[in-house]
Amino acid sequence: EPTADQESYNRYKALISTLPSQRWGLNGMDLHQYNGFWFPRIPLEGLMAAQDRFVARPTDIILATFPKSGTTWLKALTFATINRTDVTGSNHPLSMLSKVNPHECVPFLSILYSDGRLPDLDSLPAPRLFAEHIPFSLLPESVLGSGCRIVYLCRDPKDNLVSLWHHTLAWVRVQGLAQCHSFNEVFELFCSGVSMGGPIWDHALDYWRESLRRPERVMFMKYEQLKGDTGGCLKRLAEFIGCPFSEEEEREGKVEEIVGMCSFERLSELEVNKNGRMSVGNKEFENKEFFRKGEVGDWNRHLTAEMAERLDRITEEKLRGSGLEF
Ligand code: A3P
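Residues numbered from 1 in each chain as written. Predicted model: local features only at pLDDT ≥ 70, side-chain atom pairs only at ≥ 80, totals over all residues. Heavy atoms only, no water.

(A) Examining the overall build of the chain more closely. When you go through the chain residue by residue, the secondary structure sums to 17 helices and nine strands. Taken against the 2.2 N^0.38 rule, which gives 20 Å for 326 residues, the C-alpha radius of gyration of the chain at 19 Å falls within 12% of a compact globule. Along the longest, intermediate and shortest principal axes, the C-alpha atoms of the chain span 60 × 55 × 45 Å. Per-residue burial over the chain gives 55% buried out of 326 residues. Sequence-distant contacts, at least 24 apart, represent 73% of the contacts inside the chain between residues at least 6 apart. Summed over all atoms, the accessible surface of the chain reaches about 14,400 Å², with 49% contributed by carbon and sulfur. Each charge class in the chain was averaged separately, 38 positive and 46 negative side chains, and the resulting centres sit 1 Å apart. (Helix = DSSP H or I, 4+ residues; strand = E, 2+ residues; numbered from the N terminus. Rg over C-alpha atoms; globule rule 2.2 N^0.38 Å. Buried < 20%, exposed > 50% of the residue type's maximum accessible area, 1.4 Å probe, protein only. Contact = heavy atoms within 4.5 Å. Areas by Shrake-Rupley, 256 points an atom, 1.4 Å probe, with all protein chains shown as cover. Lys, Arg positive; Asp, Glu negative; His and termini not counted. Charge placed at Lys NZ, Arg CZ, Asp CG, Glu CD.)

So, in structure tokens, the structure goes:
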């Protein structure tokens, strides 16, 4: 007898098998188009389950990001900010971030709900901190109704594509999947809106518009801004999530301390991130995959001038009139 739960997962699987699908980069890496956005099967199942089951609280904080836009960094910064006074407890940021990859500090909702799991999230203390690559239109209804806060992060599509591509190639090493597209081919797919979480413009625009409509609920950030003024963004973030830095903390250099603790240089040099591994759902990742270059403008080394111009033109057209630009 299947349990009610298995039945719903069978329903998700059956639904996914009817969706348009598209291979992306690797054999065995298929994306499925659900409500206009492309996702691999496992997080999509989890996303559907989270949509059905996740009950948000007003104190929850959701880090919503486009894949490869700096999720790992945002997780580290937010986790460290929220727990900065927990100097003796189990969430002490410095010791946690030295021991585990930031992804283990802030779980993805779709992973928590994948594989038929029913996570017990009720016992978690407030504020509960979750992440998700979910598009705004697919957020669980209770997130929209609860008043919880959403921090959104995205990135110049050119750098985002380059980062996505390297991440995908890393799967060749760790998952043993075979490459089936060239970079030029995934560039074409990306331009037509097909990539994990894509179309990137729609993903960003939905959150952008909501951040204008309800700035107290959705904070919109770009990787480029975060790189340009990490401290300023962190102060804004802390205020937004309800734990602003006090004047005294600022005087004591708390902001700089967290910025330093979460910097690419520091995190990528930690043993756990150099040689550690982590399983996410049914996949194994090498933690070092999440720290490649951490630069703005690395697209320069991968896209020809024509490709960059073409992608910029598409971005301009898609975002025209919205007030959002890269
Ligand atoms: P690059 O591939 O361009 O280097 P995500 O965390 O969403 O998977 O995004 C990964 C990208 O963020 C990678 O970009 C990675 O190097 C960069 N990144 C990870 N940690 C960072 C940090 N502490 N500061 C700046 N960038 C970081």
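(B) Fine view of the site of the ligand. With respect to spatial proximity, 17 residues lie near the ligand, and among them Thr71, Thr72, Ser163, Lys293 and Gly294 are the closest. Within the backbone of cysteine 262, a nitrogen or oxygen atom sits 2.9 Å from a nitrogen atom of the ligand. The backbone of phenylalanine 264 places a nitrogen or oxygen atom 3.2 Å from a nitrogen atom of the ligand. Protein coverage of the free-state accessible area of the ligand, which is 570 Å², stands at 98%. Along the lines of polarity and charge, the residues of the shell around the ligand split into six nonpolar, seven polar and four charged. (Near = heavy atom within 4 Å. Polar contact = N/O pair within 3.5 Å; in protein donor to acceptor, adjacent residues only side chain to side chain. Nonpolar A, V, L, I, M, F, W, Y, C, P; charged D, E, K, R; others polar.)

(C) Main features of the sheet that holds strand 3 (residues 37-40). What the three strands build is an open sheet, ordered 1-2-3; its pairing is antiparallel. Two strands lie at the open edges of the sheet, namely strand 1 (21-23) and strand 3, each paired on one side alone. Each adjacent strand pair in this sheet contributes to an overall mean axis angle of 35°, direction not counted. Where strand 2 (residues 30-34) and strand 3 come together, four bridges link them in antiparallel fashion. The residue bridging histidine 32 from the neighbouring strand is phenylalanine 39, located in strand 3. (Pairing = 2+ DSSP bridges. Axes fitted to C-alpha atoms, helices over the stretch in contact; angles between N-to-C directions.)

(D) Inspection of the pairing of strand 5 (residues 129-132) at higher detail. Burial of strand 5 is two-sided: the residues Leu129 and Ala131 facing one way and the residues Phe130 and Glu132 facing the other way are all buried. Across four bridges, the pairing between strand 4 (residues 61-65) and strand 5 is parallel. What sits directly across from leucine 63, in strand 5, is alanine 131.

(E) Here's a closer look at unusual backbone geometry. Note that the residue after alanine 126, namely proline 127, is joined by a cis bond; omega there is -5°. Within the element layout of this structure, proline 127 appears in the loop between helix 6 (109-112) and strand 5. Cis geometry is found at the peptide bond from glycine 198 to proline 199, where omega equals 5°. Assignment of secondary structure puts proline 199 in the loop between helix 9 (183-191) and helix 10 (200-213). Look at lysine 68: it is not a glycine, yet its phi comes out positive at around 75°. Since its relative accessible area comes to 16%, lysine 68 is described here as buried.

(F) Inspection of the nonpolar core at higher detail. Formed by 107 residues in total, the largest nonpolar core has its most connected members in Trp24, Phe54, Tyr113, Val151, Tyr207, Met221 and Cys262. Broken down by element, the residue count for this core peaks at seven residues, all from helix 3 (residues 71-82). (Core = buried A, V, L, I, M, F, W, Y, C linked by side-chain atoms within 4.5 Å.)

(G) The pattern of salt bridges, seen in detail. Inspection of every chain in the model, using the stated rule, returns 18 salt bridges. Linking arginine 128 and aspartate 60 is a salt bridge whose minimum nitrogen-to-oxygen distance equals 2.7 Å. Highlighted residues: arginine 128 in the loop between helix 6 and strand 5 and aspartate 60 in the loop between helix 2 (41-53) and strand 4, separated in sequence by 68 residues. Like aspartate 60, arginine 128 is buried. (Salt bridge = Lys/Arg side-chain N within 4 Å of Asp/Glu carboxyl O.)

(H) Representation of the sheet that holds strand 6 (residues 149-154). The sheet built from four strands is open, its strands ordered 5-4-6-7 with parallel pairing. The sheet is open, and its two edges are formed by strand 5 and strand 7 (218-222), each paired on a single side. Adjacent strand axes in the sheet meet at a mean angle of 20° when their direction is disregarded. Here strand 4 runs beside strand 6; their pairing, made up of five bridges, is parallel. Paired with threonine 65 across the bridge in strand 6 is leucine 153. Packed on one face of the sheet, helix 3 meets strand 4, strand 5, strand 6 and strand 7 and runs near 165° to strand 4. Packing against the sheet, helix 10 makes contact with strand 4, strand 6 and strand 7, and its axis sits at approximately 130° to strand 7.

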